[in-house]
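Given next are the chains, with one letter for each unit.
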Amino acid sequence: MRKKYDIALQEEPCKKQNCKVGEIKTEDGKLVADIVVSDQVIDEANMRVMFVMFHPETKRYVIYMTMEQFGKIRGRDKVELFAFYHEVGHIYNGDLEHGMTGDEYRTERAAATRLGKVMDIELNADKFAVGYVGARNAVLALKKMQAERRLLDLEQGHQSFPKAQAALKEYDARIVAIEEWVKQKRTRRPRPARRNNK
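All figures in this text were calculated on a predicted structure; none of them were measured in a lab.

Novice: Please provide a residue-by-residue account of helix α4 (residues 102-114), values included.
Specialist: Its 13 residues place the ends of α4 18 Å apart at the C-alpha level, agreeing with the 18 Å of an ideal helix rising 1.5 Å per residue. For α4, the set of buried residues is Tyr105, Ala112 and Thr113. When α4 is viewed along its axis, its buried side chains cluster within an angular range of 100° and face the same direction. Residues Asp103, Thr107 and Arg114 are exposed on α4 and point more than 90 degrees away from its buried face. On its buried face, α4 sits against α5 (120-133) and α7 (162-188). Phi turns positive one or two residues past the end of α4, at Gly116, with a value near 75°.

Novice: I'd love a proper account of helix α2 (residues 67-74), names of residues and values included.
Specialist: Burial in α2 covers these residues: Gln69, Phe70 and Ile73. Each buried residue of α2 lies within a common arc of 100° when the element is viewed along its axis, so the set occupies one face. Looking one or two places after α2, you find Arg76, whose phi comes out positive at around 60°.

Novice: I'd love a proper account of the sheet that holds strand β2 (residues 19-26), names of residues and values included.
Specialist: Reading across the sheet, the 5 strands line up as β1-β2-β3-β5-β4 and stay open at both edges, with mixed pairing between neighbours. Edge positions in the sheet fall to β1 (5-9) and β4 (50-55), since each has one partner strand and no second. The sheet shows a mean angle of 25° between the axes of neighbouring strands, direction not considered. In terms of strand pairing, strand β3 (residues 31-37) meets strand β5 (residues 60-65) through 5 bridges, oriented parallel. Following the sheet pairing, Asp34 is matched in β5 by Val62. Contacts from helix α3 (residues 78-92) reach β1, β2, β3, β4 and β5, with the element oriented near 25° to β4.

The rules we used
- Residues numbered from 1 in each chain as written.
- Predicted model: local features only at pLDDT ≥ 70, side-chain atom pairs only at ≥ 80, totals over all residues.
- Heavy atoms only, no water.
- Helix = DSSP H or I, 4+ residues; strand = E, 2+ residues; numbered from the N terminus.
- Expected span 1.5 Å × (residues − 1).
- Buried < 20%, exposed > 50% of the residue type's maximum accessible area, 1.4 Å probe, protein only.
- Arc of directions from axis to C-beta.
- Contact = heavy atoms within 4.5 Å.
- Pairing = 2+ DSSP bridges.
- Axes fitted to C-alpha atoms, helices over the stretch in contact; angles between N-to-C directions.

Read these as geometric descriptors, not functional statements.
In structure tokens form, the structure reads like this:
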């Protein structure tokens, strides 16, 4: 059975950077990760809104997010929570402990995207998130993220850059992968035996 996680977020909006705004714990109270708002860390890591990192010196996971993203997840909207639970999925699945370097990860991810596929660790994190927000909300979230990425690339004049095109293609692949996974799950369910009324 899948572990359930409790998210404790501070009630007040965070007004400063590098601020711990919450924790993720298992049902039995074991700390899983801290949640920290830091636009600077996001920027330095070359991420857009959120990512998870393991700090070996403290043996703690931290989910970093922008101030804007924290404001979105505080509302507990399931579409907005999809990306958050995707990051929690990386923790649950042990993805940060696989020993893959950043370069190896980027190479494997790019290769999967070129083939119109989703890298396994990304798809598994998506599946984890679907368990919390539902497939419909996951697809809506991915479409929203894709639209935001497309708009950002247009604003910055990056729409023709290979990296930008690959990111949009990966969103399409993730949407298709979730929809196919949900269909497979539905077709695998055992059907009730028919009664023979003879």
